[in-house]
Amino acid sequence: MQIVRTISDLACLHESALVPTMGALHEGHRSLVRAAVASGRPAVVSIFVNPAQFAPGEDLDAYPRTLERDLDLCRDDGAAAVFAPEVDTVYPGDASVQTPPLPAVAASPGLEDACRPHFFQGVCRVVARLFDLVRPAEAFFGEKDWQQLRVVTEMVAAHQDRWPSLTITAHPTVREPDGLAMSSRNVYLSPSSRDRALALHRALSRASEGEPAMRRTLDAAGLTTDYAVIRDAETLLAPTADRPQRALVAASLDGTRLIDNAAVP
Ligand code: PAF
């Protein structure tokens, strides 16, 4: 497996299957890597803790960094290369880095866009840059970050001239046996917070009873809820009966903010 740190070394990896990550890999990431390998294209995993998507006061400095272990996991899963650039490589500070305008789904739903107003600007900036540098044929994103998946899908659809043959492939959320969605931030949870965090999954399983039932489930576990909503699965605006719907929750406990989502049956 190649470990790539410079832009020039990426040249032989164009048309690959890209899995963008911020490292601290868990089973959720590994399922994306394995799907990328199964695509038959060389699988490239990018590992870059993107400062642009953290606001001052968020967990940029504390964010888990486990590069050596991540490299071992990527090797075990059959990745052809890991792209682990420095900040200056991704953001050289000149006009060559063009962040596309945000799609509506990054600014209108009042979900992550309202709770973390800097977030999608930072995600689109880094993902657009990674697509320009790696020039993959396919890129894999987890459904756990549903709004992010929708934002990236819409961004690529709106810029066919920039990424003409790039496909975005979604992969289902990977959960612990008790239902907790895998997340790099789960390492922040103490054993007792981890038990309470299961309320997110329980809230989603009550989505067919409506938003108040979801919110009550989070309240009962003592979580601070940012949102517990049912939305149109694509636009993330108000749902209509004739289109697929998605339940989405975001809540904090003991200083850790978690998100999760599920299809509404
Ligand atoms: O989902 C993530 O880990 C990040 O937001 C991403 C897509 C790798 C961009 O930094």
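First, a word on scope: everything that follows refers to the structure included in this document.

The rules behind each value
Residues numbered from 1 in each chain as written. Predicted model: local features only at pLDDT ≥ 70, side-chain atom pairs only at ≥ 80, totals over all residues. Heavy atoms only, no water. Helix = DSSP H or I, 4+ residues; strand = E, 2+ residues; numbered from the N terminus. Buried < 20%, exposed > 50% of the residue type's maximum accessible area, 1.4 Å probe, protein only. Contact = heavy atoms within 4.5 Å. Areas by Shrake-Rupley, 256 points an atom, 1.4 Å probe, with all protein chains shown as cover. Lys, Arg positive; Asp, Glu negative; His and termini not counted. Charge placed at Lys NZ, Arg CZ, Asp CG, Glu CD. Near = heavy atom within 4 Å. Polar contact = N/O pair within 3.5 Å; in protein donor to acceptor, adjacent residues only side chain to side chain. Nonpolar A, V, L, I, M, F, W, Y, C, P; charged D, E, K, R; others polar. Arc of directions from axis to C-beta. Core = buried A, V, L, I, M, F, W, Y, C linked by side-chain atoms within 4.5 Å.

A look at the overall build of the protein
Along the protein, the regular secondary structure elements total eight helices and nine strands. Dimensions of the protein, computed from the C-alpha atoms along their principal axes, are close to 55 × 40 × 35 Å. The 265 residues of the protein split such that 54% are buried. Here the analysis covers contacts within the protein between residues at least 6 apart in sequence; of these, 69% occur between residues at least 24 apart. Total accessible area computed for the protein in this model is approximately 11600 Å², and 52% of it derives from carbon and sulfur atoms. On the protein, the mean spot of the 26 positive side-chain charges and the mean spot of the 34 negative ones are 2 Å from each other.

Remarks on the site of the ligand
In the vicinity of the ligand, the contacting residues are Pro20, Thr21, Met22, Asn50, Gln53, Val123, Val126, Phe141 and Gln148. A distance of 2.7 Å is found between an oxygen atom of the ligand and a side-chain nitrogen or oxygen belonging to Gln53. One nitrogen or oxygen atom from the side chain of Gln148 is found 2.7 Å from an oxygen atom belonging to the ligand. Considered on its own, the ligand offers 290 Å² of accessible surface; in the complex 89% of this is hidden by protein. Residue assignment for the shell around the ligand shows that the elements contributing at least two residues are β2 (17-21) and α5 (119-134). Looking at side-chain class alone, the shell around the ligand contains five nonpolar, four polar and no charged residues.

A closer look at helix α8 (residues 211-220)
Those residues of α8 not exposed but buried are Ala213, Met214, Thr217 and Leu218. Along the axis of α8, the buried positions cluster into a sector of 135°, meaning they face one direction only. Residues Pro212, Arg216 and Ala220 are exposed on α8 and point more than 90 degrees away from its buried face. Those residues of α8 hidden inside the fold are in contact with α7 (191-205), β7 (224-232) and β8 (245-253).

Some points on the nonpolar core
Core analysis: the biggest nonpolar cluster contains 42 residues, and Phe83, Val127, Phe131, Phe141 and Ile168 have the highest contact counts within it. Every element with two or more residues in this core is listed here: β4 (81-83), α5, β5 (138-142), α6 (146-158), β7 and β8. Not counting residues up to four positions away in its chain, the partners in contact with Ile168 are Phe131, Ala139, Phe141, Leu149, Val152, Thr153 and Val156. Counting residues in each nonpolar core, the second largest holds 21 residues, with Leu180, Ala221, Ala251 and Val264 among its members.

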